[in-house]
Amino acid sequence: MPTRSEPRPAGAVVDDLKRARAELVDDGPPPGRPWCDAWTAAVDAAIVELAAPAVARHGRLAVVAVGGYGRRELCPTSDVDLLLVHERLDEPALELVVREVVYPLWDVGLKVGYAVRDRRGAVAAVDELDTATAVLDLRPLAAQHGTQVIEAANVNHPDVLA
């Protein structure tokens, strides 16, 4: 059994999330807000667990839920939209983060949309309408330094609402 400092294999997280979805479909709350809350919580737990090694390794990295997922409105076929915000990580490190966090979600059968941006890129992206509306509902999932990377990026840029 993995110790507290040793992460579980991604396959175990995938299996748990598949099982959680099946249980929700078969025996979960009725359709509506309670079902969405339960599914969102299960996906949150999986992403937090999948992202933990990358966040611990790199420090200045945050995995953030955006859009409907950021609002905790995951329905059975909803997209899971993520924003990976980093500070000065190189391309190979970022590719590994995507493989560790996003690929297992695809293995579950989820539709995952994601963007990888450094702090400056996150701020600049709010000039794009789709990005600006998505980040209005951002919700940090995993970050070693709390939400410092997000706050430093000033993703909730005042110009978004102007």
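The structure contained in this document is the topic of the report that follows. (Residues numbered from 1 in each chain as written. Predicted model: local features only at pLDDT ≥ 70, side-chain atom pairs only at ≥ 80, totals over all residues. Heavy atoms only, no water.)

## Structural notes on the state of the cysteines
One pass over the structure, following the stated rule, counts 0 disulfides. The structure places no disulfide on C36, whose sulfur is separated from the nearest cysteine sulfur, that of C75, by 3.6 Å. (Disulfide = S-S within 2.5 Å.)

## Quick look at a nonpolar patch on the surface
Where nonpolar side chains cluster on the molecular surface, the patch consists of Y103, W106, Y114 and V116 and spans about 360 Å² of accessible area. If you list the elements that add at least two residues to the nonpolar patch, you get helix 4 (91–108) and strand 3 (111–118). Following the sequence through the fold, Y103 ends up in helix 4. (Patch = residues over 30% accessible without salt bridge, like charges linked within 9 Å, V, L, I, M, F, W, Y side chains within 5 Å. Areas by Shrake-Rupley, 256 points an atom, 1.4 Å probe, with all protein chains shown as cover. Salt bridge = Lys/Arg side-chain N within 4 Å of Asp/Glu carboxyl O. Helix = DSSP H or I, 4+ residues; strand = E, 2+ residues; numbered from the N terminus.)

## Side note on helix 1 (residues 10–27)
The terminal C-alpha atoms of helix 1 lie 25 Å apart, and with 18 residues this matches the ideal 26 Å at 1.5 Å per residue to within 8%. For helix 1, the complete set of buried residues consists of V13, V14, L17, A20 and L24. Taken end-on, helix 1 shows its buried residues confined to a sector of 125°, consistent with a single buried face. Those residues of helix 1 that are exposed and aimed more than 90 degrees away from the buried face are D26 and D27. Those residues of helix 1 hidden inside the fold are in contact with helix 2 (33–58) and helix 4. (Expected span 1.5 Å × (residues − 1). Buried < 20%, exposed > 50% of the residue type's maximum accessible area, 1.4 Å probe, protein only. Arc of directions from axis to C-beta. Contact = heavy atoms within 4.5 Å.)

## Comments concerning the packing of aromatic side chains
Under the counting rule described, the total for this entry stands at 3 aromatic pairs. The ring centre of Y69 lies 5.2 Å from the NZ or CZ of R139, which sits over that ring. (Phe/Tyr/Trp six-rings, centres within 6.5 Å; stacked < 30°, edge-to-face > 60°. Lys NZ or Arg CZ within 6 Å of the ring centre and 35° of its normal.)

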